[in-house]
Amino acid sequence: MKEFEISDNQVEDFERDGFIVVDRIISDEEVALLRERYDLLFKGQWETGLVPDEVNWQEGRDPPDSTRQICNGWKSDRYVAGVILQESIGRACAKLGRWPGTRLSQDNILWKPPGGKPLGFHQDSSYELWTTLPDWVSCWIALDDTTAEGGTVEYVRGSNHWGRSGMIEQFHAPENPVKDLDKAAAAAGVKTIERVPIVVKAGGGAFHGGWTWHGSDINRRDVPRRAIVAHCMSSETRFHPTYVGYIYSRYKRFGDDTMDESFFPVTWRQDGYRSPFIDPYSARRITWGEALPT
Ligand SMILES: O=C(O)CCC(=O)C(=O)O
């Protein structure tokens with residue numbers, strides 16, 4: 001597949017609107033592979049033996065109409081790693097964020113079944129205050145063809161300029177998914193909220209900024225809506241010295257604010273560097289934590 005490139009015009013659109021749509025990010029083969037891996041992951045089958053950082057839905061444990069979510073599936077499944085840690089995504093995020101390089105903060109594996117509940121509208125970067133540079137760029141990739149009524153992700157055009165709000169009241173299955181969004185719009189003096197549903201073929205998707213309001217509604221169709229997201233940060237990012245994020249600060253060492261590439265890999269850097277374990281790990285030549293082949 002021809003790799004996609006982000007143009008200077010797309011960077012301008014991204015900075016103005018808070019997101020851009022890209023028709024093709026991963027190949028049909030990668031889409032098919034991820035759909036197979038999703039079946040296993042939501043059954044709790046961890047290919048590397050390691051449990052993901054967040055498992056917010058498990059077959060037999062959670063309500064069937066909740067939106068299923070796992071974060072950092074790449075640590076548990078090397079096939080997922082092969083897709084989400086690819087260089088082209090890192091390069092695109094760095095260009096959009098005007099960074100010297102990209103680190104993955106976390107992947108987000110999402111599966112909204114027919115009738116699946118909404119995800120509350122939020123700003124991603126409000127959840128990243130445990131870092132020194134909480135200005136994410138995220139790559140959202142559809143694994144099914146999306147439609148407005150199928151509960152696809154929606155971005156609020158221009159909301160990246162509204163300022164920073166905190167974490168929202170309820171992220172999973174809120175009664176009113178736009179409760180916090182409405183408050184933020186009022187605080188910013190915005191009268192008209194333009195919600196843009198992302199309608200793309202499987203393999204296509206969008207890039208959004210960390211301060212862009214987004215979320216998704218109920219899936220009113222009879223087919224699932226699956227997606228994978230690479231939430232990325234600048235390769236220069238360090239841990240905040242004192243703010244403790246309730247999940248990801250567990251990777252911070254005492255008295256040391258540097259980020260370990262084993263947990264926050266550098267997927268692309270303008271000087272050509274990329275965390276050395278990514279390629280042998282993604283090719284399944286080593287498993288989690290194993291030494292690099294000589
Ligand atoms: O796909 C969705 O429903 C929402 C995804 C999301 O919140 C994100 O990519 O940050």
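Below is a summary of the structure that appears in this document. Counting of residues starts from 1 at the beginning of each chain's written sequence and follows it residue by residue. pLDDT decides what is reported in this predicted model: residues at 70 or higher carry local features, side-chain atom pairs at 80 or more are listed and counted, and totals for whole chains, interfaces and linings draw on all residues regardless.

## Details of the overall build of the chain
1) Next: From N to C terminus, the chain includes six helices and 12 strands.
2) Next: Taking 294 residues into account, the globule formula puts the C-alpha radius of gyration at 19 Å, and the chain, at 18 Å, falls close to it.
3) Next: For the chain, the spread of C-alpha atoms along the three principal axes comes to 60 × 40 × 40 Å.
4) Next: Residues with at least 20 other C-beta atoms within 10 Å of their own are called buried, those with 12 or fewer are called exposed, and the rest are partly exposed. The C-beta atoms themselves are positioned from the backbone. Within the chain, the proportion of its 294 residues that are buried is 47%. Secondary structure is summarised from DSSP: a helix means a run of H or I of at least four residues, a strand means a run of E of at least two, and numbering begins at the N terminus for each. Radius of gyration here uses only the C-alpha atoms, and the compact-globule reference equals 2.2 Å multiplied by the residue count raised to the power 0.38.

## Describing the site of the ligand
1) Next: Throughout this description, a residue near a molecule or strand is one whose C-beta atom, derived from the backbone, lies within 6 Å of it. Near the ligand you find Asn108, Leu110, Leu119, Asp124, Ser138, Trp140, Val153, His214, Ser216, Ala227 and Val229, and these make up its full shell.
2) Next: Elements with a minimum of two residues in the shell around the ligand: strand 4 (101-112), strand 6 (137-142), strand 10 (214-216) and strand 11 (225-234).
3) Next: Nonpolar residues are Ala, Val, Leu, Ile, Met, Phe, Trp, Tyr, Cys and Pro. Charged residues are Asp, Glu, Lys and Arg, and all others, Gly as well, are polar. Partitioned by chemical class, the residues of the shell around the ligand number six nonpolar, four polar and one charged.

## Observations regarding the pairing of strand 11
The side chains of a regular strand alternate between both faces of the sheet.
1) Next: Across the 10 residues of strand 11, 10 count as buried, placing the element largely inside the fold.
2) Next: Relative to strand 11, strand 4 is paired through 10 bridges, and the arrangement is antiparallel. Looking across to strand 11, one finds that Lys112 is bridged to Arg225. In this analysis, strands are considered paired if DSSP registers two or more bridges between them.

## Describing the nonpolar core
1) Next: Any nonpolar core is a set of buried residues, restricted to Ala, Val, Leu, Ile, Met, Phe, Trp, Tyr and Cys, that join up through C-beta atoms within 7 Å. Core analysis: the largest hydrophobic core is formed by 61 residues, its most contacted members being Ile84, Cys93, Cys139, Ile141, Phe207 and Ala227.
2) Next: Ranked by the residues each element gives to this core, the list is headed by strand 11, at six residues.

## Here's the deal with unusual backbone geometry
1) Next: For Ala173, which is not glycine, the phi dihedral falls at a positive 50°.
2) Next: Structurally, Ala173 is set in the loop between strand 7 (153-156) and helix 5 (179-187).
3) Next: A positive phi angle, close to 60°, is found at Arg284, a residue other than glycine.
4) Next: Along the chain, Arg284 falls in the segment after helix 6 (278-282).

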